[in-house]
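Next come the chains, spelled out residue by residue.
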Amino acid sequence: MNEKVENLLLEQLRAIRSDIARLADRMDTLSTEMRAIRHQHAAVTTLQEHDHDDVASKKVRLDRIERRLELVDETG
């Protein structure tokens, strides 16, 4: 191979290496962002479960109060 072709080939390989390094950095960034999103999703899910349990316990209490005050028609 003549020197010009070798230089051109090396230049292209360096450019490819640089592109791959940028892609690897971007993948690391996206991976970190996805991890953060997963943690946020888990936190929201936990809050929803807590809220569901809280509403369910309030409903049980309200049903009990309505029965004690005879505000509920127990035939239906």
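Computed from a prediction, not measured in an experiment: that's the story for all the values here.

Draft legend 1. A look at the overall build of the protein chain. Check the secondary structure of the protein chain and you find 1 helix and 0 strands. The C-alpha atoms of the protein chain give a radius of gyration of 32 Å, which is well past the 11 Å a tight globule of 76 residues would have. Dimensions along the principal axes, computed over C-alpha positions, put the protein chain at roughly 100 × 20 × 10 Å. Considering the protein chain as a whole, with its 76 residues, one finds that 0% of them fall into the buried category. Taken as a whole, the protein chain presents about 7,500 Å² of accessible surface, with 58% of it coming from carbon and sulfur. Counting 13 positive and 16 negative side-chain charges, the protein chain places the averaged centre of each group 3 Å from the other.

Draft legend 2. Representation of the environment of glutamate 6. Tracing the chain through its elements places glutamate 6 in helix H1 (residues 3-68). A relative accessible area of 38% places glutamate 6 in the partly exposed class. As a C-alpha pair, glutamate 6 and histidine 39 span 33 residues in sequence and 49 Å in three-dimensional space.

Draft legend 3. Up close: a positive patch on the surface. Taken together, Arg61, Arg64, Arg67 and Arg68 make up a surface patch of like positive charges. Relative to the assigned elements, arginine 67 resides in helix H1.

Draft legend 4. The arrangement of H1 in detail. For H1, built from 66 residues, the straight-helix expectation of 98 Å at 1.5 Å per residue is met to within 8% by its first-to-last C-alpha distance of 97 Å. With a side-chain oxygen lying 2.9 Å from the backbone nitrogen of lysine 4, the N-terminal cap of H1 falls on asparagine 2. Directly beyond the C-terminal end of H1, a positive phi value near 55° is found at glutamate 70.

Draft legend 5. Molecular detail of the pattern of salt bridges. Taken as a whole and judged by the stated rule, the model has 3 salt bridges. Between arginine 22 and aspartate 19 there is a salt bridge; the shortest N-O distance is 2.3 Å. Of this pair, arginine 22 and aspartate 19 both sit in helix H1, 3 residues apart, which is roughly one turn of the helix. A salt bridge links lysine 59 to aspartate 63; its shortest N-O distance comes to 3.0 Å. With lysine 59 and aspartate 63 both in helix H1, this residue pair falls 4 residues apart, about one helical turn.

Draft legend 6. Fine view of unusual backbone geometry. In this structure, glutamate 70 takes a positive phi of about 55° despite not being glycine. Locating glutamate 70 in the fold gives a position in the segment after H1.

Rules used throughout
Residues numbered from 1 in each chain as written. Predicted model: local features only at pLDDT ≥ 70, side-chain atom pairs only at ≥ 80, totals over all residues. Heavy atoms only, no water. Helix = DSSP H or I, 4+ residues; strand = E, 2+ residues; numbered from the N terminus. Rg over C-alpha atoms; globule rule 2.2 N^0.38 Å. Buried < 20%, exposed > 50% of the residue type's maximum accessible area, 1.4 Å probe, protein only. Areas by Shrake-Rupley, 256 points an atom, 1.4 Å probe, with all protein chains shown as cover. Lys, Arg positive; Asp, Glu negative; His and termini not counted. Charge placed at Lys NZ, Arg CZ, Asp CG, Glu CD. Patch = residues over 30% accessible without salt bridge, like charges linked within 9 Å, V, L, I, M, F, W, Y side chains within 5 Å. Salt bridge = Lys/Arg side-chain N within 4 Å of Asp/Glu carboxyl O. Expected span 1.5 Å × (residues − 1). Polar contact = N/O pair within 3.5 Å; in protein donor to acceptor, adjacent residues only side chain to side chain.

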